[in-house]
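# Coordinates in review
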Protein chains: 2
Amino acid sequence: MEDDAQEVQKANEAFYAAFEHLDIRQMDDIWWHDDDVKCIHPGWAPRLGWHQVRDSWVVIFNHAHRMDFSVCVIEITVKGDFAWIVCREQIATSDDGRRVEGTVMATNLFERREGLWRMIHHHGSPYFAPDTSLPMAPSAFA
Amino acid sequence: MEDDAQEVQKANEAFYAAFEHLDIRQMDDIWWHDDDVKCIHPGWAPRLGWHQVRDSWVVIFNHAHRMDFSVCVIEITVKGDFAWIVCREQIATSDDGRRVEGTVMATNLFERREGLWRMIHHHGSPYFAPDTSLPMAPSAFA
């Protein structure tokens, strides 16, 4: 179980390395290429199936100049051949030479096949509440 | 497989019924009460373990007067005893008598034990991009 979690963490690190390097070949290697993989980027409609998921990474990589990631793994849970990770992404990027920073909360799902863990789902969403003891404001939905 | 998807969809409907009714007892019934269940509400830090997850629902229910949900299931995927749903929540609530509407994209994970599907993870995030063919703006992270 401990080893499983370490393997899943390595798969997660490979995902963020591909993201940071804006490298579609690396991204190809960390996903299962199935019709039922899914991806929800912050603010986007869901991308369904490997074709749409891959296309979304191509679009992002083609429009980003550089992305620096600092990823904090909050929790890894392994259940047999399935695992999910909750992590916080601190992202710095550039917008016409201006540095833009932000924080994203992510849920990443992985499936193991023949000993190999690969991603089957990524959901990233903006994080904007420094005080989590506060109730959810209705404006959070707007 | 078809029956499995229907059962998972029923569990998902029960989750949104509990949410809409602001009923913590109903919410108790749809989750597994484990240390590794997790919940990310829009803009919140993750809640880890049933104690924190339940507490977050109590906070939300205590601060909401009424929530009307219209839920569109986008895709259900079942893999053995593990399933995840991507769905779009149209939510209308009231803020000091003013009607506030918003859209949330959600990833909901379920696990089956002894024939019973219950939730193990909910990740909801604001949806604000009407045109998903556009690249992700850096401001989406901010």
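Just so it is clear, the model here is predicted, and its values are computed rather than measured.

We now examine the overall build of chain A. The helix and strand tally for chain A stands at three helices and six strands. Shown N-terminal to C-terminal, the secondary structure of chain A runs as helices and strands in the order α-α-β-β-α-β-β-β-β. Within chain A, the fraction of its 142 residues that count as buried is 38%. Taking the intrachain contacts of chain A between residues at least 6 apart in sequence as the baseline, contacts between residues at least 24 apart amount to 46%.

The next subject is the pairing of strand E4 (residues 82-95) of chain A. Residue and element names in this part refer to chain A. The pairing of strand E3 (residues 67-79) with E4 spans twelve bridges and is classified as antiparallel. Bridge assignment links Glu75 to a residue of E4, and that residue is Val86. Hairpin connection from E3 to E4: two residues lie between these consecutive antiparallel strands, with Gly80 at a positive phi of about 65 degrees. Sheet topology places E4 next to strand E5 (residues 98-113); 14 bridges connect them, and they run antiparallel. The partner of Gln90 across the bridge, within E5, is Thr103.

A word on the sheet that holds strand E1 (residues 38-40) of chain A. If you trace the six strands from one edge of the open sheet to the other, you get E2-E1-E6-E5-E4-E3 (chain A), paired in mixed fashion. Of all strands in the sheet, those bounded by a partner on one side alone are strand E2 (47-48) and E3 of chain A.

Listed per partner, the contact involves 44 residues of chain B and 44 residues of chain A. Within the residue set of the side of chain B that touches chain A, elements represented by two or more residues are strand E1 (38-40), helix H3 (49-63), strand E3 (67-79), strand E4 (82-95), strand E5 (98-113) and strand E6 (116-126) of chain B. For the side of chain B that touches chain A, the element with the most residues is E5(B), which contributes seven residues.

Residue and element names in this part refer to chain B. Compared with an ideal rise of 1.5 Å per residue, which puts 15 residues at 21 Å, H3 spans 22 Å between its outermost C-alpha atoms and is within 8% of the ideal. Of the positions making up H3, those classed as buried are Val53, Ser56 and Trp57. One face of H3 carries all of its buried residues, which in axial projection span an arc of 95 degrees. Seen from the open side of H3, the exposed residues pointing more than 90 degrees away from its buried face are His51, Val58 and Asn62.

The next thing to look at is the environment of B:Phe110. All names here are of chain B. Along the polypeptide, Phe110 turns up in strand E5. A count of 26 C-beta atoms within 10 Å places Phe110 in the buried class. Put simply, Phe110 and Gln26 are 84 residues apart on the chain and 16 Å apart in space, counted from C-alpha to C-alpha. In contact with Phe110, other than residues within four places in its own chain, are Val8, Ala11, Ala83, Trp117, Arg118, Met119 and Ile120.

The six strands lie next to each other as E2-E1-E6-E5-E4-E3 (chain B), forming an open sheet whose pairing is mixed. This sheet does not close on itself; its edge strands, each paired only once, are strand E2 (47-48) and E3 of chain B.

Relative to the helices and strands, A:Thr107 is located in strand E5. On a C-alpha basis, the gap between A:Thr107 and A:Glu75 in space is 9.9 Å, while along the polypeptide they are 32 residues apart.

Before going further, it helps to spend a moment on the nonpolar core. Counting 66 residues, the largest nonpolar core has A:Ala83 and B:Ala83 as its most contacted members. When sequence neighbours within four positions are dropped, the list of residues in contact with B:Ala83 reads B:Val8, B:Ile76, B:Thr77, B:Val78, B:Phe110 and B:Trp117.

Superposing chain B onto chain A takes a rotation of 180 degrees combined with a translation of 0.0 Å along the rotation axis, leaving an RMSD of 0.0 Å. The transformation relating the two chain copies, once decomposed into turn and shift, fits a two-fold axis. Residues of chain B ranked by C-alpha distance from the rotation axis are headed by B:Ser125, positioned 2.7 Å from it. Both copies present the same face, since 100% of the interface residues in chain B are matched by interface residues at the equivalent positions in chain A.

Looking now at the environment of A:Glu101. Residues and elements named next belong to chain A. In this fold, Glu101 is placed in strand E5. Expressed as a C-alpha distance, the spacing of Glu101 and Gln90, which sit eleven residues apart in the sequence, is 7.3 Å. What Glu101 contacts, discounting residues up to four positions off in sequence, is Ile91 and Ala92.

This part is about the confidence of the model for chain A. Residues and elements named next belong to chain A. In this model, chain A carries an average pLDDT of 89, and 89% of its residues clear a pLDDT of 70 or more. Long-range and interchain partners of residues 131-142, a stretch whose pLDDT sits below 50, account for 24 contacts in this model, where long-range means more than four residues apart. The ipTM for the predicted assembly is 0.87, set against a pTM of 0.88.

Cut-offs used in this document
Residues numbered from 1 in each chain as written. Chains lettered and ligands numbered in written order. Predicted model: local features only at pLDDT ≥ 70, side-chain atom pairs only at ≥ 80, totals over all residues. Helix = DSSP H or I, 4+ residues; strand = E, 2+ residues; numbered from the N terminus. Buried ≥ 20, exposed ≤ 12 C-beta atoms within 10 Å, placed from the backbone. Contact = placed C-beta atoms within 7 Å. Pairing = 2+ DSSP bridges. Expected span 1.5 Å × (residues − 1). Arc of directions from axis to C-beta. Core = buried A, V, L, I, M, F, W, Y, C linked by C-beta atoms within 7 Å. Least-squares fit on C-alpha atoms with pLDDT ≥ 70 in both. pLDDT = per-residue confidence, 0-100.

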